[in-house]
Amino acid sequence: MSTAKNININLKIWRQKNAKEKGGIVDYKLDNVSTASSFLEMLDQLNEQLINSKQEPVAFDHDCREGICGMCSLYINGRAHGPETGTTTCQLHMRKFKDGDTIYIEPFRSKAFPVVKDLVVDRSSFDRIQQAGGFVSVNTSGNTIDANSIPVPKDDADKSFMAAACIGCGACVASCKNGSAMLFVGAKVSQYALLPQGKVEAATRVQNMVRQMDEEGFGNCTNTGACEVECPKGISLENIARMNREFLKASL
Amino acid sequence: MAKSALLKSSIAKKYWMALTGLFLCLFLAGHLAGNLQLLVPNNALNFNQYALFMTTNPAVKILSYLTYISILFHAIDGFLLTYQNAKARPIGYAKTNPSANSSFSSRNMAVLGTIVLIFIVTHMVNFWAKMHYDKNMPLAQKETLAQTGKKQIQLVGIKDSQMPFFQLDESGKLSKEFFENIKTQTQGQYDLEIQDVTKIVNKKDGEVIFQGYKDLYKLTIDFFRDAKYGLIFTIGYVLAMFALGFHLWHGFSSAFQSLGLNGPKYTPAIKFFGKAFSVVVPLLFAIIPLYIHFTK
Ligand code: HEM
Ligand code: SF4
Ligand code: FES
């Protein structure tokens, strides 16, 4: 079943020394890339080539390399996490590309995601949004209550878990023409608002998280739906609608 | 916090966009119903009566002020959103592939809205402002045969009040001699003048002798049949309706999402209705000038 072969590709990669310096697109040729390798392995191969020729390797984010941590990013040929939907960049394979292809690789672009170096961006704005309300306050008295003692309707639990699948990668922001973070925040708000444990703080949570989101400089959603298409975890626009409802309830 | 958040936050701006946008959709439906009367042949009297009703009825006045405010608020909020959104990505991408994940309409709401705004302004200058403020607005009239067999013109008035005299100058206005004749014929009993564009009043006692209709029907027909510019006006109108259609193709269902209404129960129906609305309403609007222009 293996149809692996080797391809030669042209790369156009955003290089930027540090947060202060101006960056630009640099062209590279990379030969003999196995179509069985992952996209990040292809970048490893490029970096090896660069190091061997005494050049600075391309900095890019990655960690788990199995689609669960949300660390990898990259805007590949005009799409966050590349041409496939429902996958992260680490789950993208070179068999999706053809011999002779030119591949643009750029960092996720947002005012709230400043470039640290090359393709690495600082996504701590997401952490600050999360810290503003993405939690449930409990006393850690040691008397842990059995989770199943609070009944949760199956439907709500399912929706909450689906929202909780968000890995905070930022692809939604990167692919949104408005640089809006509403899919991420919608998912985080929904995940808690749907459960009885989260309902208690629902009003302050949505207000604080939305305020933080606005302060970070993310754009305003105009419902283009690009985020939903590009989200590797299939987070639905319904979560943004739920956040809008929660916000209205909290503000009235 | 709650109050200011309802004006300033990103989500609040969406509520206002959605509420004003949906209200404008209602306005469109009402406006369309009125305009469609232009398709009925020889419908001048009905149309002018309707136009008078729309400019004077107090309930309609309230609605029209709400419409003005909605357009202003929607446009200002829309520009603000677009400006802020442009700032949210100071450095753009070298390579983009926007059609892979979103529709043309959804990405061009500001441009489409601006075209609609320009249309609304010119439309108001051409029709609304004339109806409201133009002192030389023609009064509705009909042609009759005088006893001499010559064609003469009679003004058409409200509540069948008949204009007894058949005199107008070439521009369709009452001539100076007409007023002087009456004054001498009645030995100064009737000293008439035109007030508020449509009323003919006796200066002596303030009695309203006659009240005519402003001829919006004629104005509209003449506008789209203008020998020089009629075709351009017609094409411009049709193009603006295309922009409106695309604006609503995304906008209608988008408003419900903004207001927090999204679920498997209603969303498919809302989307279907929104698409139908965005095709049918601009299409019907556009047929009217086309019909007027090409049936001259
Ligand atoms: C009769 C005229 C108009 C109607 C019926 C209309 C209707 C709508 C609707 C229903 C939406 C969706 C709201 C939402 O997604 O929450 C919308 C969005 C929008 N409109 Fe209009 N609109 C009109 C005129 C205008 C004008 C004059 C502008 C001026 C610039 C404009 C700019 C925008 C923009 C930028 C959006 C996108 C904002 C967003 O989705 O949040 N529109 N419009
Ligand atoms: S909503 Fe999807 S795209 Fe956005 S951060 Fe979460 S997982 Fe990534
Ligand atoms: S590296 Fe963890 S999701 Fe891609």
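Residues numbered from 1 in each chain as written. Chains lettered and ligands numbered in written order. Predicted model: local features only at pLDDT ≥ 70, side-chain atom pairs only at ≥ 80, totals over all residues. Heavy atoms only, no water.

Right, let's talk about the overall build of chain B for a bit. From N to C terminus, chain B includes 10 helices and five strands. Within the span of chain B, comprising 296 residues, buried residues form 41% of the whole. Put simply, of all contacts in chain B between residues at least 6 apart along the chain, 62% involve residues at least 24 apart. Summing over all exposed atoms, chain B offers an accessible surface of approximately 16800 Å²; the carbon and sulfur share of this is 66%. (Helix = DSSP H or I, 4+ residues; strand = E, 2+ residues; numbered from the N terminus. Buried < 20%, exposed > 50% of the residue type's maximum accessible area, 1.4 Å probe, protein only. Contact = heavy atoms within 4.5 Å. Areas by Shrake-Rupley, 256 points an atom, 1.4 Å probe, with all protein chains shown as cover.)

Residue and element names in this part refer to chain A. In the vicinity of ligand 2 there are 13 residues, among which Cys166, Cys169, Gly170, Cys172 and Cys231 approach most closely. For the shell around ligand 2, the secondary structure elements donating two or more residues are helix H4 (171–175) and helix H5 (182–193). Broken down by class, the residue content of the shell around ligand 2 amounts to 11 nonpolar, two polar and no charged. (Near = heavy atom within 4 Å. Nonpolar A, V, L, I, M, F, W, Y, C, P; charged D, E, K, R; others polar.)

Residues and elements named next belong to chain B. Across the sheet, three strands lie side by side as S3-S4-S5; this open sheet has antiparallel pairing. In the strand order of this sheet, the two ends are held by strand S3 (192–195) and strand S5 (208–211), each with one partner. Strand-to-strand twist of the sheet, defined as the mean angle between neighbouring strand axes without regard to direction, takes the value 25°. The sheet contact formed by strand S4 (residues 199–202) and S5 spans three bridges and is antiparallel. Bridged to isoleucine 200 within S5 is phenylalanine 210. (Pairing = 2+ DSSP bridges. Axes fitted to C-alpha atoms, helices over the stretch in contact; angles between N-to-C directions.)

Residue and element names in this part refer to chain B. Protein-derived ligands of the iron atom of ligand 1 are His74 (NE2) and His247 (NE2), with the metal-ligand distances lying across 2.0 Å. For the iron atom of ligand 1, the six donor atoms in the first shell make angles of 86 to 179° at the metal, a pattern classed as octahedral. Pair noted here: histidine 74 is in helix H4 (residues 58–87) and histidine 247 is in helix H9 (residues 230–258), with a separation of 173 residues, a long-range link. In this structure histidine 247 comes out as buried when scored by relative accessible area, which is 14%. (Donors = N, O, S within 2.8 Å, 3.2 Å for Na, K, Ca; no water. Tetrahedral: all angles 85-135°; square planar, octahedral: opposite > 155°, others 65-115°.)

Turning next to the interface of chain A and chain B. Counting from both sides, the interface comprises 48 residues of chain A and, opposite them, 40 residues of chain B. Buried surface at the junction of chain A and chain B, both sides included, amounts to about 3500 Å², of which 55% is carbon and sulfur. Put simply, chain A and chain B have zero salt bridges between them. Inspection of the chain A/chain B interface yields 25 residue pairs in polar contact (both at pLDDT 80 or more). (Buried area = accessible area lost by both parts, 1.4 Å probe. Salt bridge = Lys/Arg side-chain N within 4 Å of Asp/Glu carboxyl O. Polar contact = N/O pair within 3.5 Å; in protein donor to acceptor, adjacent residues only side chain to side chain.)

Quick look at unusual backbone geometry now. All names here are of chain A. Located in the positive-phi region is leucine 74, a residue other than glycine, with phi close to 80°. Note that leucine 74 resides in the loop between helix H1 (39–52) and strand S3 (75–76). A positive phi is found at asparagine 223, a non-glycine position, where the angle reads about 60°. One can find asparagine 223 in the loop between helix H7 (202–215) and helix H8 (226–230). We classify asparagine 223 as buried; its relative accessible area is 8%.

Here we take up the site of ligand 1. The full set close to ligand 1 counts 27 residues, and His74, His247, Gly251, Ser254 and Ser258 of chain B are the nearest of them. The environment around ligand 1 is built from residues contributed by chains A and B. Histidine 74 of chain B has a polar side-chain atom sitting 2.7 Å from a nitrogen atom of ligand 1. Side-chain polar atom of serine 254 of chain B to an oxygen atom of ligand 1: 2.3 Å apart, as the coordinates give it. Among the secondary structure elements, those contributing two or more residues to the shell around ligand 1 are helix H2 (10–35), H4, helix H6 (109–133) and H9 of chain B. With seven residues, the single largest contributor to the shell around ligand 1 is H2 of chain B. Here the shell around ligand 1 is built from residues that sort into 15 nonpolar, 11 polar and one charged.

Note that serine 175 of chain A resides in helix H4. Only 2.5 Å separates the side chain of serine 175 of chain A from the backbone oxygen of alanine 171 of chain A, close enough to count as a polar contact. Those residues within four positions of serine 175 of chain A in sequence are excluded, and the remaining contacts are Tyr75, Ala80, Ala226, Cys227 and Glu230 of chain A together with Arg89 and Asn101 of chain B.

This next bit is on the sheet that holds strand S5 (residues 102–106) of chain A. Backbone hydrogen bonds are what pair the strands of a sheet, in a parallel or an antiparallel way. Residue and element names in this part refer to chain A. Across the sheet, five strands lie side by side as S2-S1-S5-S3-S4; this open sheet has mixed pairing. Strands with a single pairing partner mark the edges of an open sheet, and in this sheet they are strand S2 (24–34) and strand S4 (79–80). The sheet contacts of H1 involve strand S1 (6–15), S2, S3 and S5, and relative to S2 the element is tilted by about 105°.

Residue and element names in this part refer to chain A. Counted under the stated rule, the structure contains 14 salt bridges over all chains. Note that aspartate 118 and arginine 15 form a salt bridge whose closest N and O atoms lie 3.1 Å from each other. Highlighted residues: aspartate 118 in the loop between strand S6 (115–117) and strand S7 (120–121) and arginine 15 in strand S1, separated in sequence by 103 residues. By relative accessible area, aspartate 118 is classed as buried at 2%. A residue is classified by how much of its surface remains accessible, and arginine 15, at 15% relative accessible area, is buried. Between lysine 96 and glutamate 84 there is a salt bridge, with its nearest N and O atoms 3.5 Å apart. Here lysine 96, found in the loop between S4 and S5, pairs with glutamate 84, found in the loop between S4 and S5; they are 12 residues apart in sequence, far enough to count as distant. The class for lysine 96 is partly exposed, based on a relative accessible area of 44%. Among the residues examined, glutamate 84 registers a relative accessible area of 23% and is labelled partly exposed.

Geometry only, nothing functional implied.
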